[in-house]
Amino acid sequence: MSINDIFSKRRRGWAKLEKARKPAKKKQLRIAHKRIEQLCDDKSFKEMFTRLRTADPIKFPGYMEKIAELDQNGNATEAFVAGTAKIHRIKVAIGVSDPGFMMGSMGTVVGEKIALLAEYAAKKRLPLIIFSASGGARMQEGMFSLMQMVKTAQAVERYRAAGGLFISCLTHPTTGGVSASYATLGDIILAEPGALIGFAGPRVIEQTIGEKLPEGFQRSEFLLEHGMIDMIVEQAAMRETIYKLLKLHEGGMFCER
Amino acid sequence: MNAESLSAYERVQKARETKRAGIYDYIEALFDDFMEFHGDRLYRDDPSIVGGIGVLDGMPVTVIGHRKGKDTGEQIKYNFGMTSPEGYRKAIRLMEQAERFNRPVLTLVDTPGAYPGIEAESNGQSNAISGCIAKMCNLKTPSICIITGEGNSGGALALAVADRVWMLENAVYSILSPEGFASILWKDASKSALAAGLMRLTADDLKNDGFIDTVIKEDDKLTEHIRKLLISEFHDLGNIRTEELLKKRYARYRKVM
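The structure displayed is predicted, hence computed values, not measured ones.

Engineer: Could you give an account of the overall build of chain A, with specific residues and numbers?
Structural biologist: Broken down by element type, chain A carries 10 helices and eight strands. The buried share of chain A, reckoned over its 257 residues, is 54%. Relative to all contacts within chain A whose residues are 6 or more apart in sequence, the contacts with residues 24 or more apart total 71%. Carbon and sulfur atoms make up 54% of the accessible area of chain A, which amounts to about 11,600 Å² in all.

Next up, the structure:
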């Protein structure tokens, strides 16, 4: 069988699998869950670490009230949804920021979920895929938030050192303590078109330098041009792109069906 | 006790005083000899980061830290201690060098934060900071960090991941400057004093919260005291096997919840 035959067979396989997928439910889902539905095989997602709640570590005024408001039925999954799922039958550990919950900011719960997910992925030898959309560290948790940058960075670094494949997907927006920790430590870094990605927010930069920022500054296309990401992928093409990447690593330690 | 005599915001102001001891003052007082090295081998030398080898009681130590400058001319030259990606990459390079020659690493933190500028973002500020954090997490030799002045945000954290973290009694260390914090949460940077009071950014607060091992009193014997502490602590850390050292460092940051 020629290499072309193998690839065309594979393409047919993808098409078949794509056809077999049922359309996403109409029910209004939270942003993170919706993304997982679009990305993963139907009903393959098993959410983990859902019981974690913040302990309000610096007793910040009004913080617990705000959390309670966002978590009215007691089952909000905070600003990060984590678990396992399958992409064209390849099992993966997947985590997705939920920008609907306090702008996806990384506090202790988000940091803990990411660390747990990376540790779980290392233990179970699963590829690790994380979609970030976050304003950065969560102010209301002070230094406890800042330290999540270390906690998540060291967890993904350990995972990678053990041979794992970490695909980091940057979506709009990924800034501050998230872009400057685990999110830019991916083996492969993808970004969605037009996403704002950077360390400092545009407003802070404008205030510091006293001038208007150029068009397209800190957008995915700008990062690609400057060598900070591997490729820009449309949301509609994300599932197939990630599948291709997983296939390229199949047979590697962490990518088996 | 001094801790009660100054408010958190007064400490922020004290930590920022231009006349406050800077990195060269510490280097001169702590080391018998010091050789400075330059450049990230990628683009340029960032003067806001000083790096080199100091000799501490006969033992070569890699020293890396922020430099703010003591008058307007110096401040402009050193960009007020606001580091660009090249500075973090210089730090990474020197840490890798320290590993190669089995030298312990001392970092001295005093920065208003990473530089929020066009060039800094174009050259991958996020990537440089996450890389520096990752390097400090997996550094194979012992590390000690001293927060000597102002330690703001990821720009400070990038150099503050260590086996021991000490802090001067009038230094501050936080998720963001109180002005930035107030600006994000209340859209009003002038509420910085109020923010400082809530952020738990003083040495005593951070020690109580478990982020700082030792608070160093700022008296006449300050550098003499630091010198003794460094000699004894590097000696103790040097007796720990690398594997154990890395395990303990991981645990130190893993437990923050």
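Engineer: Run through the overall build of chain B, naming residues and quoting values.
Structural biologist: When helices and strands are tallied, chain B shows 13 helices and eight strands. Expressed as lengths along the three principal axes of its C-alpha atoms, the size of chain B is roughly 50 × 45 × 40 Å. Taking all 257 residues of chain B together, 58% fall into the buried category. Taking the intrachain contacts of chain B between residues at least 6 apart in sequence as the baseline, contacts between residues at least 24 apart amount to 71%. Total accessible area on chain B is roughly 10,300 Å²; 51% of this is exposed by carbon and sulfur atoms.

Engineer: Go over the interface of chain B and chain A, please, and point to the residues and values.
Structural biologist: Listed by partner, the interface residues are 48 residues for chain B and 50 residues for chain A. Between chain B and chain A, a total of about 4,100 Å² is buried, with carbon and sulfur atoms accounting for 72% of that surface. Counting the surface chain B buries against chain A, the share from its top three residues, I175, Y250 and M257 of chain B, is 19%. Summed over the shared surface of chain B and chain A, the result is two salt bridges. For E119 of chain A, the salt bridge goes to R254 of chain B, with nearest N and O atoms at 2.7 Å.

Engineer: Lay out the packing of aromatic side chains in plain terms, naming residues and giving numbers.
Structural biologist: Per the counting criterion, the structure on display carries five aromatic pairs over all chains. Centroid distance F60 of chain A to F181 of chain B: 5.7 Å. Interplanar angle 70 degrees. Geometry classified as edge-to-face. With F60 of chain A in the loop between β1 (46-48) and α3 (63-70) and F181 of chain B in helix α9 (residues 178-186), the pair connects residues from two separate chains. Judged by relative accessible area, F60 of chain A falls into the buried class, the value being 6%. For the pair F181 of chain B and W186 of chain B, a centre-to-centre distance of 6.3 Å together with 80 degrees between the ring planes defines the contact as edge-to-face.

Engineer: Summarise the pairing of strand β6 (residues 188-191) of chain A; cite the residues concerned and give the values.
Structural biologist: All names here are of chain A. Burial along β6 is two-sided: I188 and L190 facing one way and I189 and A191 facing the other are all buried. Taken together, the four bridges between strand β5 (residues 166-175) and β6 define a ladder with parallel strand orientation. Bridged to I167 within β6 is I188. In this structure, β6 lies alongside strand β8 (residues 231-232), joined through two bridges in parallel fashion. Directly across from L190, in β8, lies its bridge partner M231.

Engineer: Explain helix α13 (residues 242-254) of chain B to me, using residue names and the numbers behind them.
Structural biologist: Each α-helix turn comprises 3.6 residues. Residues three or four places apart therefore point the same way. Under the 1.5 Å per step criterion, the end-to-end length of α13 of chain B is 18 Å for 13 residues, consistent within 8% with the ideal 18 Å. Residues L245, R249, Y250, R252, Y253 and R254 of chain B constitute the buried set of α13 of chain B.

Engineer: Can you tell me about the environment of G154 of chain B, naming the residues and giving the values?
Structural biologist: For G154 of chain B, the location among the structural elements is in helix α8 (residues 153-157). A residue is classified by how much of its surface remains accessible, and G154 of chain B, at 2% relative accessible area, is buried. Each C-alpha atom, one on G154 of chain B and one on I133 of chain B, is 9.1 Å from the other, the two residues being 21 residues apart in sequence. Once residues lying within four places of it in the same chain are set aside, the contact partners of G154 of chain B are L146, M149 and F199 of chain A together with I129 of chain B.

Engineer: Kindly report on the packing of helix α4 (residues 108-124) of chain A against helix α6 (residues 148-161) of chain A, identifying the contributing residues and their values.
Structural biologist: All names here are of chain A. Where α4 meets α6, the closest approach of the two axes is 9 Å, and the angle between their N-to-C directions is 10 degrees. In terms of orientation, α4 and α6 fall into the roughly parallel class. Contacts from T108, G111, E112, I114, A115, A118, A121 and A122 of α4 reach α6 at Q148, K151, T152, A155, V156 and Y159. Of the residues belonging to the contact of α4 with α6, the class tally is eight nonpolar, four polar and two charged.

Conventions and cut-offs
Residues numbered from 1 in each chain as written. Chains lettered and ligands numbered in written order. Predicted model: local features only at pLDDT ≥ 70, side-chain atom pairs only at ≥ 80, totals over all residues. Heavy atoms only, no water. Helix = DSSP H or I, 4+ residues; strand = E, 2+ residues; numbered from the N terminus. Buried < 20%, exposed > 50% of the residue type's maximum accessible area, 1.4 Å probe, protein only. Contact = heavy atoms within 4.5 Å. Areas by Shrake-Rupley, 256 points an atom, 1.4 Å probe, with all protein chains shown as cover. Buried area = accessible area lost by both parts, 1.4 Å probe. Salt bridge = Lys/Arg side-chain N within 4 Å of Asp/Glu carboxyl O. Phe/Tyr/Trp six-rings, centres within 6.5 Å; stacked < 30°, edge-to-face > 60°. Pairing = 2+ DSSP bridges. Expected span 1.5 Å × (residues − 1). Axes fitted to C-alpha atoms, helices over the stretch in contact; angles between N-to-C directions. Parallel < 35°, antiparallel > 145°, perpendicular 65-115°, else oblique. Nonpolar A, V, L, I, M, F, W, Y, C, P; charged D, E, K, R; others polar.

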